[in-house]
Amino acid sequence: MHDLPGYCRRDLSAWTAPSGGGELPSPDSGLSLKEELAALERRRITQALEASGQVVSRAAERLGLRRTTLIEKMRKYGIAAA
């Protein structure tokens, strides 16, 4: 890692552990990648809604999504804006 350019040498610890802390589950734990990604997507959508005062268009902007795409994902995961 020391031979990488400066812009590549940053703290990568955020990529090695989930935001809740702890270790990533092993593939043998029974949690599928699809389920893990869905849980992450639900969590990020909820966080974006909270950070944007439950305004869907602002949350979509934070997530880099179109408003209609975010609405579809919210419907898929049963997430309602307060």
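All chains use their own residue numbering, which begins from 1 and follows the written sequence. Local features in a predicted model are, by the rule used here, given only for residues with pLDDT of at least 70; side-chain atom pairs are given and counted only at 80 or more, and totals for whole chains, interfaces and linings are based on all residues. The basis for the side-chain values is all heavy atoms of the structure; hydrogens and waters are excluded.

## A word on the overall build of the protein
For the record, the criterion: Each helix corresponds to a stretch of at least 4 residues labelled H or I by DSSP, and each strand to a stretch of at least 2 residues labelled E; elements are numbered beginning at the N terminus. Throughout, exposure labels follow a simple rule: accessible area from a 1.4 Å probe, protein chains only, divided by the maximum for the residue type, with under 20% read as buried, over 50% as exposed, and the rest as partly exposed. Residues count as neighbours in contact if any of their non-hydrogen atoms are within 4.5 Å of one another. Accessibility throughout is a Shrake-Rupley quantity obtained with a 1.4 Å probe, and a residue counts as covered only by protein chains that appear here.
Of regular secondary structure, the protein possesses 4 helices and 0 strands. Secondary structure of the protein in N-to-C order comes out as α-α-α-α. For the protein, buried positions account for 15% of its 82 residues. Expressed as a percentage of contacts within the protein between residues at least 6 apart in sequence, the contacts between residues at least 24 apart total 37%. Taken as a whole, the protein presents about 6500 Å² of accessible surface, with 54% of it coming from carbon and sulfur.

## Concerning the packing of helix 2 (residues 33-51) against helix 3 (residues 56-63)
Axis angle and axis distance: for two packed helices, these are the angle between their axes and the distance between the axes, and together they describe the pair. Where we set the bar: Note on definitions: angles span 0 to 180 degrees between N-to-C directions of axes, and those axes are lines fitted to C-alpha atoms, for helices only across the stretch in contact. In these notes the angle categories are as follows: under 35 degrees is roughly parallel, over 145 is roughly antiparallel, 65 to 115 is roughly perpendicular, and the rest is oblique. Should the near helix be turned counterclockwise from the far one by less than a right angle, the crossing is left-handed, whereas a clockwise turn marks it as right-handed. Gly falls in the polar group here, along with every residue not listed as nonpolar (Ala, Val, Leu, Ile, Met, Phe, Trp, Tyr, Cys, Pro) or charged (Asp, Glu, Lys, Arg).
The geometry of helix 2 relative to helix 3 is characterised by a closest axis approach of 8 Å and an angle of 125° between their N-to-C directions. Regarding the angle of helix 2 to helix 3, the classification is oblique. As for how helix 2 packs across helix 3, the hand of that crossing is right-handed. Residues Arg44, Ile45, Ala48, Leu49 and Ala51 of helix 2 lie in contact with helix 3, whose contacting residues are Val56, Ala59, Arg62 and Leu63. Broken down by class, the residue content of the contact of helix 2 with helix 3 amounts to 7 nonpolar, no polar and 2 charged.

## A few points about helix 4 (residues 67-77)
Selection criterion: The arc in question is the one spanned by the directions pointing from the helix axis to the C-beta atoms.
For helix 4, the full list of buried residues reads Leu70, Met74 and Tyr77. Viewed along the axis of helix 4, the buried residues span an arc of 75°, placing them on a single side of the element. Opposite the buried face of helix 4, at more than 90 degrees from it, the exposed residues are Glu72, Arg75 and Lys76. In this fold, the buried residues of helix 4 make contact with helix 2 and helix 3. After helix 4 finishes, the residue Gly78 shows a positive phi value of roughly 70°.

## Considerations on the pattern of salt bridges
For clarity, the threshold we go by: A carboxyl oxygen of Asp or Glu within 4 Å of a side-chain nitrogen of Lys or Arg is what we treat as a salt bridge.
Here the structure, examined in full by the defined rule, presents 1 salt bridge. Between Glu41 and Lys73 there is a salt bridge, with its nearest N and O atoms 2.7 Å apart. Of this pair, Glu41 sits in helix 2 while Lys73 sits in helix 4; the two residues are 32 residues apart in sequence, bridging distant segments of the chain. Residue classification places Glu41 among the partly exposed residues on the basis of a relative accessible area of 23%. Among the residues examined, Lys73 registers a relative accessible area of 22% and is labelled partly exposed.

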